[in-house]
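Single-letter residue listing:
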Amino acid sequence: MAEDRSVSRRSFLTVATVAIGGVITAIMGIPAVAYIIGPALKKQSEQEWIPVGRASKVELGVPALFKVKIQRKAGWILNEQELSFYVLTEDGRDFIAMSNICTHLGCRARWVANEGIFFCPCHNGVFAKDGTVLGGPPPRPLDRVEVKVEDDQLFILGG
Ligand code: FES
């Protein structure tokens, strides 16, 4: 009888030890998990549609340059940043937006209307009007920016 009680007590202590260890692990683990995945969740939720101008400003088949200033908060510091990007539509309904930052080393590519190309002067990078690489060292097309139009107002997704 006494042995049963002893085994029972031992079992209880084992279960209690495991339970307390589990609680301590959970208490210490939650902040660690939040620390790891928090920034990713925060980044997604902070993205917002930013109005940038009139869609009717974009001529069919000709990339139009838009600039917008956005504020980014990094800890205590609030930075203002200017984004420049080209918007293109072939039919007035579907629009694409591309960063003008060259995918080689980050210089600014500019639209050369009489040649129908984007040209990056730093190392002679050449892109088609939809941003695909035509020549030079850029390793990939110009980066796309999500864009939408509502009541002739263009928005880009950023933040
Ligand atoms: S930075 Fe544009 S081609 Fe090198």
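Residues numbered from 1 in each chain as written. Predicted model: local features only at pLDDT ≥ 70, side-chain atom pairs only at ≥ 80, totals over all residues. Heavy atoms only, no water.

J.: How should I be thinking about the sheet that holds strand β4 (residues 95-99) in this particular structure?
T.: Where strands meet in a sheet, backbone hydrogen bonds hold them as pairs that are either parallel or antiparallel. Pairing is antiparallel across the open sheet formed by 4 strands, whose spatial order is β2-β3-β4-β9. Of all the strands in the sheet, the pair left with one neighbour each is β2 (64-74) and β9 (144-145). Examined bridge by bridge, β4 and β9 share 2 bridges and lie antiparallel to one another. The residue bridging M98 from the neighbouring strand is R144, located in β9. (Pairing = 2+ DSSP bridges. Helix = DSSP H or I, 4+ residues; strand = E, 2+ residues; numbered from the N terminus.)

J.: Whenever I open this one, the sheet that holds strand β10 (residues 147-150) confuses me. Can you help?
T.: One open sheet holds the 3 strands; their spatial order is β1-β11-β10, and the pairing between them is antiparallel. In this open sheet, the two edge strands, each paired with only one partner strand, are β1 (48-54) and β10. Averaged over all pairs of adjacent strands, the angle between strand axes in this sheet comes to 35°, irrespective of strand direction. By the bridge criterion, 4 bridges tie β10 to strand β11 (residues 153-158) in an arrangement that is antiparallel. By the bridge assignment, V149 is partnered in β11 with L154. (Axes fitted to C-alpha atoms, helices over the stretch in contact; angles between N-to-C directions.)

J.: Where do I start with the pattern of salt bridges in this structure?
T.: Should their charged atoms come close, side chains of opposite charge can pair. The full count for this structure, using the stated rule, is 5 salt bridges. The shortest N-O distance in the salt bridge between E90 and K129 comes to 3.3 Å. Linking E90 in the loop between β3 (77-89) and β4 with K129 in the loop between β7 (125-127) and β8 (133-135), this pair joins segments that are 39 residues apart in sequence. Judged by its relative accessible area of 49%, E90 falls in the partly exposed class. Given a relative accessible area of 28%, K129 falls into the partly exposed group. Across the salt bridge formed by R140 and D143, the nearest N and O atoms sit 3.2 Å from each other. Residue R140 is classed as partly exposed on the basis of its relative accessible area, which comes to 40%. (Salt bridge = Lys/Arg side-chain N within 4 Å of Asp/Glu carboxyl O. Buried < 20%, exposed > 50% of the residue type's maximum accessible area, 1.4 Å probe, protein only.)

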